[in-house]
Amino acid sequence: MRGREYLTSLLFLLVFSQIKCENCMKLDISITQKVENEGFHRDVRWLLETTNPNNTDWIQSGCKLAVHINVNAGMFVSKDQLAELNRNSTILIRVDGNVNIETAAHDSTAHIAYIYLPQDEIERIMFSLPIHLRYQRAQITGKYGKVYLDKPTVLVRCPADINLCGKRRPILEAPCSFASVNKCQWRNTTYQALFQDVEMFVPIGDLDDYPLVSIVSLLLGCAGCIYVLSILSTTPI
Ligand SMILES: *[C@@H]1O[C@H](CO)[C@@H](O)[C@H](O)[C@H]1NC(C)=O
């Protein structure tokens, strides 16, 4: 009698865990990041890879994947350039908010770039974002300013009947799709970052040099004047 009860509960547990397993989708994402070029114009490139799920399961799930990039005040993304990139591409990038491409870092505000990844692929996706570093206020010390590049945030949105395995991730409001005016609830999903945090350096004007440079050029100008005048006055007419 006891044995049978034990067996029943074991069977129950087995069935139950099976159901639970079927109901959640495992999402194992890793990302590599590389910043290309030097100076004010950079290209940030990413490679997103998954071991789970595969493309077939992903397409079947109906889930969507997007990447949220915080473009801080030290840099900007050009909307004209994005329009050019989005043409003929399955990866679509949008920027929300006003982007002033003229202002220096200390007069600028951050904006967000959303990169919408193709829905029929997840095993291996490459995407990139051209960023432009802003001019920085001249400082007393140092010839280079630093701009930090925040880690990308991976956003996932699934149909109501699909549960992602693991701890429930925080919800983030973001545009539903590239062209949508509506906001949807996305999950901020964890991934394995196969890269270090990045700092980019921009050349800045050195305030220290300024008075010296103007005094020297003034003195040289005076000296030139005196020299010319002295030649003129000693030359017999
Ligand atoms: C997403 O979650 C990570 C880890 O918890 C956090 O560092 C990051 O700031 C979040 N992203 C956004 C846009 O809130």
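Everything discussed here concerns the structure shown above.
Residues numbered from 1 in each chain as written. Predicted model: local features only at pLDDT ≥ 70, side-chain atom pairs only at ≥ 80, totals over all residues. Heavy atoms only, no water.

A. Main features of the state of the cysteines. What the rule picks out here adds up to three disulfides. The partner cysteine of C24 in its disulfide is C165, sulfur to sulfur 1.9 Å. Note on the C24 and C165 pair: the S-S dihedral is about 90°, so by sign convention the disulfide is right-handed. Highlighted residues: C24 in strand β1 (residues 24-25) and C165 in the loop between β11 (163-164) and β12 (171-175), separated in sequence by 141 residues. Residue classification places C24 among the partly exposed residues on the basis of a relative accessible area of 27%. Between C176 and C184 runs a disulfide, and the two sulfur atoms are separated by 2.0 Å. The sign of the S-S torsion, about 95°, decides the handedness of the disulfide formed by C176 and C184: right-handed. (Disulfide = S-S within 2.5 Å. Helix = DSSP H or I, 4+ residues; strand = E, 2+ residues; numbered from the N terminus. Buried < 20%, exposed > 50% of the residue type's maximum accessible area, 1.4 Å probe, protein only.)

B. Quick look at a nonpolar patch on the surface. A contiguous nonpolar patch, built from Y227, V228, L229, I231 and L232 and spanning about 530 Å² of accessible area, is present on the exposed surface. In this fold, L232 is placed in helix α4 (residues 209-234). The exposure class of L232 is exposed, given its relative accessible area of 57%. (Patch = residues over 30% accessible without salt bridge, like charges linked within 9 Å, V, L, I, M, F, W, Y side chains within 5 Å. Areas by Shrake-Rupley, 256 points an atom, 1.4 Å probe, with all protein chains shown as cover. Salt bridge = Lys/Arg side-chain N within 4 Å of Asp/Glu carboxyl O.)

C. Quick look at the pairing of strand β15 (residues 198-203). The alternating pattern of β15 places V198, M200 and V202 on a buried face, while none of E199, F201 and P203, on the opposite face, is buried. In this structure, strand β9 (residues 144-149) lies alongside β15, joined through six bridges in antiparallel fashion. Bridging from a neighbouring strand, K146 pairs with F201 of β15. (Pairing = 2+ DSSP bridges.)

D. Looking closely at the layout of surface pockets. What the largest pocket holds in volume is close to 510 Å³. For the largest pocket, the lining is made up of 24 residues, of which N163, L164, C165, R169 and R187 are closest to its centre. Elements represented by at least two residues in the lining of the largest pocket include exactly β2 (28-36), β10 (153-157), β11 and β13 (183-189). At three residues, the largest contribution of residues to the lining of the largest pocket is made by β13. Of the residues belonging to the lining of the largest pocket, the class tally is 10 nonpolar, seven polar and seven charged. (1 Å grid on protein atoms, 1.4 Å probe; cavity = no way out; pocket = protein on both sides within 12 Å on 5 of 7 lines; lining within 4 Å. Points joined across faces, edges and corners; volume = space filled by probe spheres on them. Nonpolar A, V, L, I, M, F, W, Y, C, P; charged D, E, K, R; others polar.)

E. A look at the site of the ligand. Within the structure, the ligand sits among H68, T153, R169, L172 and N188. Note that a nitrogen atom of the ligand is positioned 3.0 Å from one of the side-chain N or O atoms of T153. Between the ligand and the protein, one listed contact pairs an oxygen atom with a side-chain N or O atom of N188 at 2.3 Å. Contact with the protein chains removes 43% of the 360 Å² of surface that the ligand exposes when unbound. Classifying every residue of the shell around the ligand by side-chain character gives one nonpolar, three polar and one charged. (Near = heavy atom within 4 Å. Polar contact = N/O pair within 3.5 Å; in protein donor to acceptor, adjacent residues only side chain to side chain.)

F. Structural context of the sheet that holds strand β5 (residues 75-76). Taken together, five strands build an open sheet; the order of strands is β5-β8-β3-β2-β14 and the sheet is mixed. The sheet is open, and its two edges are formed by β5 and β14 (192-193), each paired on a single side.

G. Region of the structure containing the nonpolar core. Of all hydrophobic cores here, the largest spans 38 residues; its most connected members are L48, L65, I115, L117, F127, L129 and I131. Of the residues forming this core, the biggest block, five residues, is contributed by strand β8 (residues 124-133). Leaving out residues up to four positions away in the same chain, F127 has contacts with V44, R45, W46, L48, V67, I91, I115 and L117. If you look at the next biggest cluster of nonpolar residues, it comprises eight residues, including A66, C176, C184 and W186. (Core = buried A, V, L, I, M, F, W, Y, C linked by side-chain atoms within 4.5 Å. Contact = heavy atoms within 4.5 Å.)

H. Inspection of the sheet that holds β10 at higher detail. What the six strands build is an open sheet, ordered β6-β7-β4-β10-β13-β12; its pairing is antiparallel. In the strand order of this sheet, the two ends are held by β6 (92-96) and β12, each with one partner. Neighbour to neighbour, the strand axes of the sheet diverge by 35° on average, direction disregarded. Taken together, the five bridges between strand β4 (residues 64-71) and β10 define a ladder with antiparallel strand orientation. Within β10, the position partnered with H68 by the bridge is T153. (Axes fitted to C-alpha atoms, helices over the stretch in contact; angles between N-to-C directions.)

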